[in-house]
Amino acid sequence: MASPPEPLQVNAQRAALLSPPFLAYHYRIPDTPPAAGFLPGMRVAVPLGNTVRAAVLLPQDAGWDTAAGTALTPPEGIALKPVAWPLERVPLFSAAHLDVLRQLALRQGMLLGQVLASVLPAGLKVADIRYRLQGIPKLRSLRIRDVAAADAALRQTLSRAWEAGAMQPEAAFRETQFCWLSQDPPWPVRPAAVNQLKILEYLWEHGPVPVPVLLAALGDGVRESLRRLVDVGLVRQGLVPPGQQEEEMDPACVLAGAPPPPTLNEEQAAALASLSEALHRWQGETRLLYGVTGSGKTTVYLALARECLRAGRSVVLLAPEIALACNLRSAAAQAFPEAELIFHHGSQTPARREAQFRKLAGRGEGDAPVIVVGARSALFLPLHDLGLIVLDEEHDASFKQEERLPYQAKELGYVMARRFGALLLLGSATPDIKSFHAAQTGALPMAGLTRRHGGAQLPAIEFVDIKGLSSFDQLLAPQTMAMVEETVRRGEQAIILLNRRGYAPAMYCQDCGHVLRCPQCQIGLTYHKGRERMLCHYCGEGVPWPCLCPQCGGISFLPLGEGTQRMEEVLTRHLGRDTTVLRLDRDAARRPGRLEEILSAFARKEAQVLVGTQMLSKGHDFPDVTQVVVADADMGLNLPDFRAAERTFQLLMQVSGRAGRGDKPGRVAIQTRDASHYCFEHLKTHDYQGFFEEELARRKKWRYPPFVKLGLVRVSFPAEWEGHAAALAALAGRSREAGREHGVQVMGPAPAPLPMLQGRKRFHLLFKGEDWSRLRAVFAALKPLQDDTLRLTLDLDPLDMM
DNA sequence: AGCACGCCGACT
DNA sequence: GTCGGCGTGCTC
């Protein structure tokens, strides 16, 4: 009688590769080191072809196949290779983390290996390491390749060393040199030094970059020019970009705001009590903290964090951008001087991210909980004792990452909270319509803070009609200007919001009527003074100014519209030399450390007026600011985006919240051409609830979120592609067909609001349906039409409709 | 990502 | 004839 078939390779396990092809291949678990040393979530070195690569061991569960890219059992007829050696002693990823990342991979239609690779710092993705050895004669260190090729005897020896802790993986710190600008433009370089100028422009656009990245972008030929720039001091070079060192960050952070008072008022205490109850259930719940600007949400976050730490569980505090995370960090550092605080954001050096990752993964059961403060990517740090996740300014679009590994931090936080039994707390003065709707229907329990801390009043809001104003001559109406003057005269400060950087957003040829446009994007070029360039705000490219009209060769251009640079100039001229005007926008804050410099100079009252884009609308606390001016409130309102009103309302509420935070009352002047817009009506009375109700009714009427799931398919192809008409027709046909089949409403393809970017024409298709899976199904029907020429991407719940 | 294999152009 | 360019395809 034939014996039952032998079970396939009992000692086989899948490992997800951290480099292409990112599949989870099957490997035999070797006898040395003992099998107990190989645990799921651990990084291991595996042979692949003739090389050795890093991979992560997966649990031996079914149900992982889709994300793994391979079946649970290995294909027949393949001789399994053994795992070469573990890359660490304790798994980097816990089972819970691996599971969360698997869900993320499934949702995004990516391989688990791809997700793991995008989450890990560069140094943890390479298998190219050495092991340092102790106590073995004539063998101080061994390359992984040699470990993989070792015979049984050597493996025995190594195994004993590994078990005894006498074999240590040596971190492959290949320190990369960074370079960055030391000066704002204009740069003292002769115009003929094209390579030097290329480098300066590149660094201005990209900020601090690793030297190899710069050389790859501009060609190896610029090496000499870079050396020259470093020699003359225009460019700095070093291991750590500025703003990364702990000590450099601290002063600006501490200056950015007073620490929140340690005692809670009645409202805060009530909010804390209900949140605390949810926290201590450890059931993975989500809560909304809705509190008006200045009501002390941070105080509540910190009090809740204290309870979580006391219970022995770690805390993650997230802010939408680094500058705000920085404020949270100094508040947390003051509140918990004894706790270990990790500050994390995406633009740290790989070495530092690696150290943080390792440190957190290496924490054991009995270790004290930690507090992590950072931007969205901090969610990926391996905290296995997670108890609380706080997302401050939860309505902010920055919590969604669009490129590489697309994810929405709010959603990921929700999944993680459930998996870890942690509390997810979303905080905002102007919650996302979707969140507030969930709160109103009871799906998302809410705690509220309605009063400003310390009895401060919400500022008085008035509207200034600028219908008749010619935009170039009068950026501010006379009465607005008078308010600013008065504020300065009283020794107080003013903030002017103008959501458009540069000097003039268009140059109009007076001879032929042509407007200078970017040849790659067809976007109007913006004049940037000082740099003397016309710049494209979408691709960063530009042409030197002055130039001839490309259409008629004329030389007389009329600047049109307004930008922050010109606002700064106008105010400086008008207010006279006793008043200092500062500007804060992406251009002013390009150079590392400049953002902090500008904010702290304003906080020290070295300037009376701060002009800027929405960068200055959030979080910052300047007690002497009593006047806020919004130069053009209509700007964002007429964008082709169903969220235009919500966004404008949120921005104006936030920036209004900057006025009157101290003991002096604040005033807000909003310049508009249409003060009757419903967005402004509710703003006047600081009535979020009223705005919400009106906006929600509109969303319902026009079938937009939260009443429907929205998907945006971005279609793009080279501008000169001849087959585009047929392709668009095919997209229209197929999507309608699939839409009918799955009950999804399909609109388009229509030219995108920005119809061309970087040499590619852009079209949009809009899907509306009951659930995400239906939208995905319709998109799946379009996927076969995609190739190198025609690019298609599906953005579920798009935040950027342009 | 690496590394093989393979199919065409300029050389000791 | 061979050395070597990098296009295509595979890796448990």
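Computed from a predicted model, the values in this text were never measured in an experiment.

**Some remarks on the UniProt feature "binding site: Zn(2+) 2" (unreviewed entry) in chain A**
UniProt records the feature "binding site: Zn(2+) 2" (unreviewed entry) for Cys-518, Cys-521, Cys-536 and Cys-539 in the present numbering. These annotated residues cover 22 residues of sequence, and their C-alpha atoms all fall within 8.7 Å of one another, placing them together at a single site. As for its position among the elements, Cys-521 is in the loop between strand S23 (506–509) and strand S24 (526–528). With residues up to four places along the chain from it excluded, the contact list for Cys-539 reads Cys-518, Cys-521 and Gln-758.

**Re the protein's contact with DNA strand B**
DNA strand B sits among Pro-20, Asn-50, Thr-51 and Arg-53. The protein-proximal atoms of DNA strand B, defined as those within 4 Å of the protein, are 58% sugar or phosphate. Here a phosphate oxygen of DNA strand B and a side-chain polar atom of Asn-50 are 3.3 Å apart. One of the side-chain nitrogen or oxygen atoms of Arg-53 is found 2.3 Å away from a base nitrogen of DNA strand B.

**Regarding the domain arrangement of chain A**
With domains assigned, chain A is organised as domain 1 (12–169), domain 2 (178–238), domain 3 (251–454), domain 4 (456–501 + 563–697), domain 5 (505–560) and domain 6 (709–796). Here the C-alpha centre of domain 4 lies 35 Å away from the C-alpha centre of domain 2. Listed by partner, the interface residues are 8 residues for domain 2 and 5 residues for domain 4. Summed over both sides, the interface between domain 2 and domain 4 buries roughly 570 Å², with carbon and sulfur atoms accounting for 50% of that surface. Three residues stand out in domain 2 for area buried against domain 4, namely Asp-184, Trp-204 and Glu-205, and they jointly supply 64% of the buried area on that side. Between domain 2 and domain 4 we count 0 salt bridges in total. Joining domain 2 to domain 4, the criterion identifies 0 residue pairs in polar contact (both at pLDDT 80 or more).

**Structural notes on the nonpolar core**
Counting 121 residues, the largest nonpolar core has Phe-93, Leu-101, Leu-116, Tyr-131, Met-167, Val-372 and Ile-670 as its most contacted members. Counting residues in hydrophobic clusters, the runner-up holds 35 residues, among them Leu-279, Leu-289, Leu-309 and Leu-328.

**Some thoughts on the packing of helix H16 (residues 478–489) against helix H17 (residues 564–575)**
In contact at an axis separation of 11 Å, H16 and H17 are set at 65° when each is read in the N-to-C sense. Seen along the crossing, H16 lies across H17 with a hand that is right-handed. Between H16 and H17, the contacting residues are Met-481, Val-484 and Glu-485 on the first element and Val-570, Leu-571, His-574 and Leu-575 on the second. Grouping the constituent residues of the contact of H16 with H17 by class yields 5 nonpolar, 1 polar and 1 charged.

**Considerations on the protein's contact with DNA strand C**
The local shell around DNA strand C consists of Pro-21, Tyr-25, His-26, Tyr-27, Pro-47, Leu-48, Gly-49, Pro-75, Ile-78, Ala-79, Leu-80 and Lys-81. In this structure, His-26 approaches DNA strand C through a side-chain N or O atom, which is 2.7 Å from a base oxygen. Within the contact set of DNA strand C, a phosphate oxygen lies 2.6 Å away from a side-chain nitrogen or oxygen of Lys-81. Counting residues per element, the ones that place at least two in the surface near DNA strand C are strand S2 (24–28) and strand S3 (43–48). The leading source of residues in the surface near DNA strand C is S2, at 3 residues. Residues belonging to the surface near DNA strand C are distributed by class as follows: 9 nonpolar, 2 polar and 1 charged.

**Quick word on the UniProt feature "binding site: Zn(2+) 1" (unreviewed entry) in chain A**
When the UniProt feature table is mapped to this numbering, "binding site: Zn(2+) 1" (unreviewed entry) covers Cys-509, Cys-512, Cys-549 and Cys-552. Of the residues just listed, which span 44 residues, no C-alpha pair is farther apart than 8.8 Å, and they cluster in one region. For Cys-509, a relative accessible area of 0% gives the class buried. If you trace the backbone, Cys-512 turns up in the loop between S23 and S24. Cys-512 sits in the partly exposed class, given a relative accessible area of 29%. Sequence-distant contacts of Cys-512, defined by excluding residues within four places in its chain, comprise Cys-549, Gln-551 and Cys-552.

**Here's the deal with the sheet that holds S24**
Pairing is antiparallel in the open sheet, where 3 strands are placed in the order S24-S25-S26. The open sheet has two free edges, formed respectively by S24 and strand S26 (542–544), since each of these has just one partner strand. Strand-to-strand, the axes of this sheet are offset by a mean angle of 25°, without reference to chain direction. Here strand S25 (residues 533–535) pairs with S26 via 3 bridges, running antiparallel. Within the sheet, the bridge partner assigned to Arg-533 lies in S26 and is Pro-544.

**Some details on the sheet that holds strand S6 (residues 130–133)**
A sheet is described by the order of its strands in space; here 3 strands give the open sequence S7-S6-S8, paired in antiparallel fashion. Pairing within the sheet leaves two strands with one partner each, and these edge strands are strand S7 (141–143) and strand S8 (167–170). With direction set aside, neighbouring strand axes in the sheet form an average angle of 25°. When S6 meets S8, the two strands line up antiparallel, connected through 4 bridges. If you follow Leu-133 over to S8, its bridge partner there is Met-167. Contacting S6, S7 and S8, helix H5 (residues 152–164) runs over the sheet at an angle of about 85° to S8.

**What about the environment of Ala-55?**
Inspection of the secondary structure assignment puts Ala-55 in strand S4 (residues 51–57). For the pair Ala-55 and Ala-607, spaced 552 residues apart in the sequence, the C-alpha separation amounts to 54 Å.

**Here's the deal with the side chain of Asp-587**
When you line up the elements, Asp-587 lands in the loop between strand S28 (581–584) and helix H18 (594–603). Polar contacts involving the side chain of Asp-587 include one to the side chain of Arg-501, which spans 2.9 Å. Once residues within four sequence positions are removed from consideration, Asp-587 is found in contact with Trp-204, Arg-501, Gly-502 and His-528.

**Examining the side chain of Arg-452**
Along the polypeptide, Arg-452 turns up in the loop between strand S20 (446–449) and strand S21 (460–465). Buried and unpaired, Arg-452 has Asp-621 as its nearest opposite-charge partner, separated by 7.8 Å. A distance of 3.3 Å separates the side chain of Arg-452 from the backbone oxygen of Gln-457, its partner in a polar contact. Looking at Arg-452, its side chain comes within polar contact range of the main-chain oxygen of Ala-659, at 3.2 Å. What Arg-452 contacts, discounting residues up to four positions off in sequence, is Val-292, Thr-293, Gly-294, Ser-295, Gln-457, Leu-458, Pro-459, Gly-657, Ala-659, Gly-660 and Arg-661.

**A closer look at unusual backbone geometry**
That bond from Pro-20 to Pro-21 is cis: its omega, 5°, falls within 30 degrees of zero. Tracing the chain through its elements places Pro-21 in the loop between strand S1 (12–17) and S2. With an omega of 10°, the peptide bond running from Pro-705 to Pro-706 counts as cis. Mapped onto the secondary structure, Pro-706 falls in the loop between helix H21 (688–701) and strand S32 (709–718). For Trp-282, which is not a glycine, the phi torsion comes out positive at approximately 50°. As for its placement among the helices and strands, Trp-282 is situated in the loop between helix H10 (266–281) and strand S12 (286–291). Residue class for Trp-282 comes out partly exposed when judged on its relative accessible area of 23%. Residues other than glycine seldom take positive phi values, yet Glu-393 does so here, at roughly 55°. Assessed through its relative accessible area of 8%, Glu-393 is described here as buried.

The rules we used
Here, residues in each chain are numbered from 1, in the same order as that chain's written sequence. A letter from A marks each chain and a number from 1 marks each ligand, given out in the order of writing. Note on the predicted model: pLDDT of at least 70 is required for a residue's local features to be given, and 80 or more for side-chain atom pairs to be given and counted; whole-chain, interface and lining totals, by contrast, use all residues. Heavy atoms from the whole structure form the basis of all side-chain values; hydrogens and water molecules are not counted. UniProt positions are given in the numbering used here, feature names are shortened, and annotations may be inferred rather than shown by experiment. Labels follow the DSSP assignment, with helices taken as runs of H or I lasting at least four residues and strands as runs of E lasting at least two, numbered in each case from the N terminus. Should any heavy atoms of two residues lie within 4.5 Å, those residues are considered in contact. A cutoff of 4 Å decides nearness: a residue is near a molecule or strand if any of its heavy atoms lies inside that distance of it. Whenever two N or O atoms come within 3.5 Å, that pair is a polar contact, provided that in protein one can donate a hydrogen and the other can accept it, and provided that, for residues adjacent in sequence, both atoms are side-chain atoms. Note: domain ranges come from an automatic or database domain assignment. Buried area is a sum: the accessible area each of two parts loses on coming together, probed at 1.4 Å, counted once for each and added. What makes a salt bridge here is a side-chain nitrogen of Lys or Arg within 4 Å of a carboxyl oxygen of Asp or Glu, nothing more. Buried Ala, Val, Leu, Ile, Met, Phe, Trp, Tyr and Cys residues form a nonpolar core when they are joined through side-chain atoms within 4.5 Å. Working definition: with a 1.4 Å probe on protein chains only, accessible area under 20% of the residue-type maximum means buried, over 50% means exposed, and in between means partly exposed. Note on geometry: axes are lines fitted to C-alpha atoms, helical ones only across the stretch in contact, with angles between N-to-C directions running from 0 to 180 degrees. If you view the pair so one helix is near and one far, a crossing is left-handed when the near helix is turned anticlockwise from the far one by less than a right angle, and right-handed when it is turned clockwise. Gly falls in the polar group here, along with every residue not listed as nonpolar (Ala, Val, Leu, Ile, Met, Phe, Trp, Tyr, Cys, Pro) or charged (Asp, Glu, Lys, Arg). By definition, two strands form a pair when at least two bridges between them are found by DSSP. Just so you know, the count uses Lys and Arg for positive and Asp and Glu for negative, and it drops His and the chain ends.

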